[in-house]
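The residues making up each chain are set out below.
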Amino acid sequence: QVVPALISGGVERGTLEMARAIVQAGGRAVVASSGGPMVRDLTALGVQHIELPLATKNPFKIWRNSKKLERVIDEYNVDIVHARSRAPAWSAYLAAKKIGVHFITTFHGTYGLGGTLKRKYNHVMLKGERVIAVSHFIKDHILANYEVDESKIRVIHRGVDLQLFTPDLFAHERMNKLLKEWRIPENLPLILFPGRITRWKGQDVFLKALAALPHRNFFAVILGDDKKRGSYRKELDALISSLGLEGHVRFAPHTQYITEAYMLARVVVATSIE
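Residues numbered from 1 in each chain as written. Predicted model: local features only at pLDDT ≥ 70, side-chain atom pairs only at ≥ 80, totals over all residues. Heavy atoms only, no water.

Peer 1: So what exactly am I meant to see when it comes to the nonpolar core here?
Peer 2: For soluble globular proteins, the rule of thumb is that nonpolar side chains tend to be buried together. L69, V81, F107 and I142 are the most contacted members of the largest nonpolar core, which has 33 residues in total. Elements with a contribution of two residues or more to this core: β1 (30-33), α3 (59-75), β3 (80-83), α4 (86-99), β4 (102-107), β5 (131-133) and α6 (136-145). A total of five residues in this core trace back to one element, the largest contributor, which is α4. The residues touching L69, leaving out its near neighbours within four places in the chain, are V2, A32, L52, L54, S91, A92 and A95. Among the nonpolar cores identified, the runner-up in size contains 17 residues, and F193, I222, V249 and V269 belong to it. (Core = buried A, V, L, I, M, F, W, Y, C linked by side-chain atoms within 4.5 Å. Buried < 20%, exposed > 50% of the residue type's maximum accessible area, 1.4 Å probe, protein only. Helix = DSSP H or I, 4+ residues; strand = E, 2+ residues; numbered from the N terminus. Contact = heavy atoms within 4.5 Å.)

Structure below.
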């Protein structure tokens, strides 16, 4: 599997879960990315991680990464190359084509269409022998906006690791760690908003909803990384101030203790606007 990085997010979580499933089925899983905190989870599963600067969109670096991936494919006797994001997909496609191994892709979202060049850039996600669409909505989006043979598209919905969310698996020490890190007042119920800081997740909608409540008997945590979207984060900070929510809302970075985070929360909110 090739992904830009392993910091946080749905693509990254899917990569981890796929790698685990491959190992449990008796196969050998290899993941290439530019690294991140989730590499630790991979290695704990016995999965080989190859660090490459795959987050780059620079054409020369994409070509150079393809050469490095050729060596990885050869060294680890890879049968299938699975790309989950556009920039690394170009490197993976070139390498898989050169070596002569199977190439598949997962279409995770609605990439910006833009002009002709942008569509050509996106089109690498349709070069897989099989193209996994994560929902019927995504499949319809693909068919409406790209020229592609429908017969090679497969809809495979994102899974949920129910074991991860088993209440009796939470750890008190990890829960206490989050309480201290987030500085949650003991006398206020926690409202949790999990999701990376990006406009389509609708954090602004969440803040306006909090401000519309007739009281301030709550403490809210917006849990997720901004992934270079600092300008939107500044907008949210200004909104918190203008709505009079200071002292009742806190931002917290992505945590691997998501079970404990959900257990701490009285309410979990999602307000995605797209």
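Peer 1: Explain a nonpolar patch on the surface to me, please; I cannot follow it from the model alone.
Peer 2: Among the surface-exposed residues, V160, L162, F165, Y262 and V268 lie close enough to one another that they form a single nonpolar patch of about 470 Å² accessible area. With respect to the secondary-structure elements, Y262 resides in helix α10 (residues 258-264). (Patch = residues over 30% accessible without salt bridge, like charges linked within 9 Å, V, L, I, M, F, W, Y side chains within 5 Å. Areas by Shrake-Rupley, 256 points an atom, 1.4 Å probe, with all protein chains shown as cover. Salt bridge = Lys/Arg side-chain N within 4 Å of Asp/Glu carboxyl O.)

Peer 1: Can you walk me through the sheet that holds β5 in this structure?
Peer 2: The strands that make up a sheet pair up through hydrogen bonds in the backbone, lying either parallel or antiparallel. The strand order β3-β4-β5-β6 describes an open sheet built from four strands, whose pairing is parallel. The outermost strands of the open sheet, each flanked by one partner alone, are β3 and β6 (153-155). Strand-to-strand twist in this sheet, taken as the mean axis angle between neighbours without regard to direction, amounts to 25 degrees. α6 rests against β4, β5 and β6 of the sheet, and its axis sits at about 160 degrees to β6. (Pairing = 2+ DSSP bridges. Axes fitted to C-alpha atoms, helices over the stretch in contact; angles between N-to-C directions.)

Peer 1: Before we go on, may I ask you to explain the packing of α3 against α4 in this structure?
Peer 2: Two quantities define a packed helix pair, namely the angle between the helix axes and the distance between the axes. The contact between α3 and α4 brings their axes to 8 Å, and the two run at 50 degrees. In this view, α3 runs oblique relative to α4, as classed from their interaxial angle. Helix-helix and strand crossings are classified by hand; for α3 and α4 the assignment is right-handed. Touching I62, N65, S66, K67, L69, E70 and I73 of α3 are A87, W90, S91, A92, L94, A95, A96, K98 and I99, all from α4. (Parallel < 35°, antiparallel > 145°, perpendicular 65-115°, else oblique. Left-handed = near helix turned anticlockwise from the far one by under 90°.)

Peer 1: Sorry, what's going on with the sheet that holds strand β10 (residues 267-268) here?
Peer 2: Here four strands make up an open sheet; going across it, the order is β9-β8-β7-β10 and the pairing parallel. Every other strand in the sheet has two partners, leaving β9 (249-252) and β10 as the edge strands with one partner each. With five bridges joining them, strand β7 (residues 190-194) and strand β8 (residues 219-223) adopt parallel strand pairing. Note on β8: the bridge partner recorded for F193 is I222. With respect to the sheet, helix α7 (residues 172-182) is in contact with β7, β8 and β9, its orientation differing from that of β8 by roughly 100 degrees. Against the sheet, helix α8 (residues 203-212) contacts β7, β8 and β9, and its axis sits at roughly 180 degrees relative to β8.

Peer 1: How should I be thinking about unusual backbone geometry in this particular structure?
Peer 2: Negative phi characterises most residues that are not glycine, and trans characterises most peptide bonds. Phi angles above zero are rare outside glycine, and N77 is one such case at about 55 degrees. With respect to the helices and strands, N77 occurs in the loop between α3 and β3. If you check the backbone angles, R183 has positive phi at about 50 degrees while not being a glycine. Examined against the element boundaries, R183 turns out to sit in the loop between α7 and β7.

Peer 1: How should the pairing of β8 be read in this particular structure?
Peer 2: Most of β8 sits inside the fold, with five of its five residues counted as buried. Judged by which residues are buried, β8 turns out to be covered on both faces: F219, V221 and L223 on one side and A220 and I222 on the other are all buried. What joins β7 to β8 is α8, and the crossover it makes is right-handed. As judged from the four bridges shared by β8 and β9, these two strands associate in the parallel manner. Residue pairing in the sheet places I222 in a bridge with F251 of β9. (Right-handed = clockwise from strand over helix to strand, strands pointing away.)

Peer 1: I tried to follow the packing of α8 against helix α9 (residues 230-242) on my own but got confused; where do I start?
Peer 2: As a packed pair, α8 and α9 sit with axes 10 Å apart at the nearest point and diverge in direction by 5 degrees. Between α8 and α9, the angle falls in the class roughly parallel. Across from Q203, D204, L207 and K208 in α8, the residues of α9 making contact are Y232, L236, L239 and I240. Each residue belonging to the contact of α8 with α9 can be placed in one class, and the counts come to five nonpolar, one polar and two charged. (Nonpolar A, V, L, I, M, F, W, Y, C, P; charged D, E, K, R; others polar.)

Peer 1: Just to check I follow, could you spell out α4 for this structure?
Peer 2: Between its first and last C-alpha atoms α4 spans 20 Å; for 14 residues at 1.5 Å apiece the expected length is 20 Å, and the two agree. Residues R86, A87, P88, A89, S91, A92, Y93, A95 and A96 constitute the buried set of α4. Here the buried face of α4 lies against α3, β3, β4 and α5 (116-122). G100 sits one or two residues past α4 and shows a positive phi near 90 degrees. (Expected span 1.5 Å × (residues − 1).)

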